[in-house]
Amino acid sequence: DQFANLLLEHVVERHILAEEKLYAEVYLGTMLIRGENVCLIGEVDPERPDGQLREAPLSYVLRREAELEADNKGKQLDMFADQAEG
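Residues numbered from 1 in each chain as written. Predicted model: local features only at pLDDT ≥ 70, side-chain atom pairs only at ≥ 80, totals over all residues. Heavy atoms only, no water.

**A closer look at the pattern of salt bridges**
Throughout the structure, instances matching the rule amount to 4 salt bridges. A cluster of three or more residues bridged by salt bridges with shared partners is formed by Glu20, Arg64 and Glu67. (Salt bridge = Lys/Arg side-chain N within 4 Å of Asp/Glu carboxyl O.)

In structure tokens:
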């Protein structure tokens, strides 16, 4: 429409574990994106293979994402503690 609102159908959110070259998708369905929130839209070519990525169970990918995030938070806390001591 004239306000740049977008109505998307069959939306998926792809979670990627880059180091393990795995991905999983969460089906979101239909989504309305308000014009003031639009930053970047790209077309996905369904004929193009996913390259090196392999599909994995969603439960595994989400668990690994949580583990990696917890590891990163622990490293950040260690870094701040070292800076405070130094």
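**Considering the nonpolar core**
Proteins that are soluble and globular tend to have nonpolar side chains buried together. One finds Leu17, Leu22, Ala24, Ala56 and Val61 forming the largest nonpolar core, which totals 5 residues. Setting aside its immediate chain neighbours within four residues, leucine 17 contacts Leu22, Tyr60, Val61, Arg64, Glu65 and Leu68. (Core = buried A, V, L, I, M, F, W, Y, C linked by side-chain atoms within 4.5 Å. Buried < 20%, exposed > 50% of the residue type's maximum accessible area, 1.4 Å probe, protein only. Contact = heavy atoms within 4.5 Å.)

**Notes on the sheet that holds strand S3 (residues 54-55)**
Taken together, the 3 strands give an open sheet; going across it, the order is S1-S2-S3, and neighbouring strands pair in mixed fashion. Edge positions in the sheet fall to strand S1 (6-17) and S3, since each has one partner strand and no second. Bridge count for strand S2 (residues 22-33) against S3 is 2 bridges, and the pairing is parallel. Across the sheet, the residue bridging to leucine 22 is arginine 54, located in S3. (Pairing = 2+ DSSP bridges. Helix = DSSP H or I, 4+ residues; strand = E, 2+ residues; numbered from the N terminus.)

**With respect to unusual backbone geometry**
Backbone geometry follows two general trends: most residues other than glycine have a negative phi, and most peptide bonds adopt the trans configuration. At histidine 10, a residue that is not glycine, the phi angle is positive and equals roughly 60 degrees. On the secondary structure map, histidine 10 appears in strand S1. Its identity is not glycine, yet lysine 21 carries a phi of approximately 55 degrees, on the positive side. Mapping lysine 21 onto the fold places it in the loop between S1 and S2.

**Notes on the packing of aromatic side chains**
Following the criterion strictly, the structure yields 0 aromatic pairs and no others. Sitting above the plane of the tyrosine 23 ring, arginine 14 keeps its charged end 4.1 Å from the centroid. (Phe/Tyr/Trp six-rings, centres within 6.5 Å; stacked < 30°, edge-to-face > 60°. Lys NZ or Arg CZ within 6 Å of the ring centre and 35° of its normal.)

**Some points on the confidence of the model for the chain**
Mean pLDDT over the chain works out to 81, with 70% of the residues at or above the 70 mark. For the chain, helix H1 (residues 58-85) is the element with the lowest average pLDDT, namely 81, and S2 is the one with the highest, namely 93. (pLDDT = per-residue confidence, 0-100.)

**Quick notes on the pairing of S2**
Bridge analysis of S1 against S2 gives 10 bridges, and the strand direction is antiparallel. Across the sheet, the residue bridging to leucine 7 is leucine 32, located in S2. The turn joining S1 and S2, which pair antiparallel and follow one another in sequence, is formed by 4 residues; a positive phi near 55 degrees is taken by lysine 21.

**Here's the deal with the environment of isoleucine 33**
Within the fold, isoleucine 33 resides in strand S2. Remark: the alpha-carbon pair of isoleucine 33 and leucine 7, spanning 26 residues in sequence, is separated by 6.4 Å. Ignoring any residue separated from it by four or fewer positions in sequence, one finds isoleucine 33 in contact with Ala4, Asn5, Leu6, Leu8 and Val38.

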